[in-house]
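Now for the letters of each chain:
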Amino acid sequence: EIQLVESGGGMVRPGESLTLSCVASGFSFSRAHMTWVRRAPGKGPEWVASISDDGFSTVTYAEPVQGRFIISRDNAKNTLTLHMNSLKPEDTALYYCLRELPTLPFYDYWGQGTQVTVSS
């Protein structure tokens, strides 16, 4: 079965950092385009960052996290990572690691996510 297990969330104060991890199994991770998506209370999913599967590990970021977050992958360990710096209260959300498909539904499997709370 396909599994995406996120970890590393927690409660931090504004300006602090957190690193999220995701361990994938059940599919060829090295051939998959991977992404981080978050969902804040009362809002729909918001795309955060993506990393390509073409061997170059090309990264893209949503404007609100540009310059603060870094997405990376370790294909030998089937692991996706999100380094989050200078966290803000508006970053508070449930964060998901997802495999992205080239066509609808785009995201086929969802894990439990990991909660990030930024508060003073």
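To keep things clear, this report deals only with the structure shown in the data block. Just so it is clear, the structure is predicted and the values come from calculations on it, not from any experiment. (Residues numbered from 1 in each chain as written. Predicted model: local features only at pLDDT ≥ 70, side-chain atom pairs only at ≥ 80, totals over all residues. Heavy atoms only, no water.)

### Examining the sheet that holds strand 4 (residues 33-39)
So, point 1. If you walk across this open sheet you meet the 6 strands as 2-10-9-4-5-6, and the pairing is mixed. Each edge of the open sheet carries a strand with a single partner, namely strand 2 (10-12) and strand 6 (59-61). In this sheet, neighbouring strand axes are inclined to one another by 25° on average, regardless of whether the strands run parallel or antiparallel.
So, point 2. Relative to strand 10 (residues 114-118), strand 9 (residues 93-100) runs antiparallel, the two being bridged by 3 bridges. Bridge pairing in strand 10 places Ala93 opposite Val116. (Pairing = 2+ DSSP bridges. Helix = DSSP H or I, 4+ residues; strand = E, 2+ residues; numbered from the N terminus. Axes fitted to C-alpha atoms, helices over the stretch in contact; angles between N-to-C directions.)

### What to know about unusual backbone geometry
So, point 1. Going from Leu104 to Pro105, the amide bond is cis rather than trans, its omega being 5°.
So, point 2. Mapped onto the elements, Pro105 comes out in the loop between strand 9 and strand 10.
So, point 3. Positive phi, close to 70°, is recorded for Phe106, a residue that is not glycine.

### Some details on the environment of Tyr107
So, point 1. By the element assignment, Tyr107 lies in the loop between strand 9 and strand 10.
So, point 2. For Tyr107, a relative accessible area of 22% gives the class partly exposed.
So, point 3. Counting along the chain gives 57 residues from Tyr107 to Ser50, while the straight-line C-alpha distance between them is 13 Å.
So, point 4. If near-sequence neighbours (up to four positions away) are discounted, Tyr107 is found in contact with Thr35, Val37, Trp47, Leu98, Arg99 and Glu100. (Buried < 20%, exposed > 50% of the residue type's maximum accessible area, 1.4 Å probe, protein only. Contact = heavy atoms within 4.5 Å.)

### Description of the pattern of salt bridges
So, point 1. Counted according to the given criterion, the structure contains 4 salt bridges.
So, point 2. In this structure, the salt-bridge partner of Glu46 is Arg38, at a minimum N-O distance of 2.8 Å.
So, point 3. When its relative accessible area of 32% is taken as the criterion, Glu46 is described as partly exposed.
So, point 4. The partner of Arg99 in a salt bridge is Asp108, with the nearest N and O atoms 2.4 Å apart.
So, point 5. Look at Arg99 and you get buried, because its relative accessible area is 16%. (Salt bridge = Lys/Arg side-chain N within 4 Å of Asp/Glu carboxyl O.)

### Details of the state of the cysteines
So, point 1. Using the criterion set out here, one finds 1 disulfide in the structure.
So, point 2. Here Cys22 pairs with Cys97 through a disulfide, and the sulfurs are 2.2 Å apart. The disulfide joining Cys22 to Cys97 has a torsion of about -65° about its S-S bond and is therefore left-handed. Of this pair, Cys22 sits in strand 3 (residues 18-25) while Cys97 sits in strand 9; the two residues are 75 residues apart in sequence, bridging distant segments of the chain. (Disulfide = S-S within 2.5 Å.)

### Re the pairing of strand 7 (residues 69-74)
So, point 1. What you see with strand 7 is a clean split: Phe69, Ile71 and Arg73 sit on the buried side and Ile70, Ser72 and Asp74 on the side with no burial.
So, point 2. By the bridge criterion, 6 bridges tie strand 7 to strand 8 (residues 79-84) in an arrangement that is antiparallel. In the sheet register, Ile71 faces strand 8, and the bridge partner there is Leu82.

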